[in-house]
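# Breakdown of the fold
The chain contents come next:
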Amino acid sequence: MDSPQLPRSRGLPPSESGKSLADRHPVGGGGGGLEASLVSLLHRHHHHSILLRDRTDKARRDAIRSAAAVSDLLVEAVNGGVQEAYINQKRIELEIRALAATVSRFMKQTDHWLASTRAINSAIKEIGDFENWMKIMDYDCKSINAAIRNIHQA
């Protein structure tokens, strides 16, 4: 594995910038083991941070997938109820239209029956009036006949 280059400190003088971290360490200069340990520690930290980032990304993607699946299931459940309500609404609207047409037809039929009943009542009234007129005429004729007989007998 290639070891990544450590960033150089900006505050170091040019004579110190080429030296390794172990060479610049104030306690023991020139120890190659300390630099190797630090580089190894840096590699392990970098490797662990990459693993942690990958795990976090995977967990985030899994959470997003799970949330999307839950959301889809909820939408399907709600849409199922909405779809059923919509279908029921359309059926009710069709029934309302059919009932309105039936009521309209019954109203026309009732109006026709009412007109026929009024015509029959008027005819019966006229028959009653004619019968009454006939009775009056009969009485008048009998009265005239009686008057003529009385005149003729006298």
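The rules behind each value
- Residues numbered from 1 in each chain as written.
- Predicted model: local features only at pLDDT ≥ 70, side-chain atom pairs only at ≥ 80, totals over all residues.
- Heavy atoms only, no water.
- Helix = DSSP H or I, 4+ residues; strand = E, 2+ residues; numbered from the N terminus.
- Buried < 20%, exposed > 50% of the residue type's maximum accessible area, 1.4 Å probe, protein only.
- Areas by Shrake-Rupley, 256 points an atom, 1.4 Å probe, with all protein chains shown as cover.
- Phe/Tyr/Trp six-rings, centres within 6.5 Å; stacked < 30°, edge-to-face > 60°.
- Lys NZ or Arg CZ within 6 Å of the ring centre and 35° of its normal.
- Salt bridge = Lys/Arg side-chain N within 4 Å of Asp/Glu carboxyl O.
- Patch = residues over 30% accessible without salt bridge, like charges linked within 9 Å, V, L, I, M, F, W, Y side chains within 5 Å.
- pLDDT = per-residue confidence, 0-100.
- Contact = heavy atoms within 4.5 Å.

## Looking at the overall build of the protein
A tally of helices and strands in the protein yields three helices and zero strands. Ordered by position in the sequence, the α and β elements of the protein form the string α-α-α. Counting all 154 residues of the protein, 1% fall into the buried class. With the model as given, the accessible surface of the protein reaches about 13,700 Å², and the carbon-plus-sulfur share is 62%.

## Observations concerning the packing of aromatic side chains
Applying the stated rule across the entire model yields one aromatic pair. Over the ring of Phe-106 we find Arg-105, and its NZ or CZ is 5.3 Å from the ring centre.

## Details of the pattern of salt bridges
Applying the stated rule across the entire model yields six salt bridges. Note that Asp-62 is salt-bridged to Lys-58, the shortest N-O span being 3.4 Å. Highlighted residues: Asp-62 and Lys-58, both in helix 3 (residues 32–153), separated by four residues, approximately one helical turn. The class for Lys-58 is partly exposed, based on a relative accessible area of 49%. Between Lys-135 and Glu-131 there is a salt bridge, and its shortest N-O distance comes to 4.0 Å. Here the residue Lys-135 and the residue Glu-131 both occupy positions in helix 3, the gap between them amounting to four residues, near one helical turn.

## A short note on a nonpolar patch on the surface
A contiguous nonpolar surface patch, about 420 Å² in accessible area, is contributed by Phe-130, Trp-133, Met-134 and Met-137. Its place among the elements puts Met-134 in helix 3.

## Quick word on the confidence of the model for the protein
Mean pLDDT over the protein stands at 84; residues scoring 70 or higher make up 80%. Averaged pLDDT values for the elements of the protein fall to 50 in helix 2 (residues 21–24) and rise to 92 in helix 3. Here residues 6–12 is modelled with pLDDT under 50, and outside its nearest four sequence neighbours on either side it reaches four contacts, counting other chains as well.

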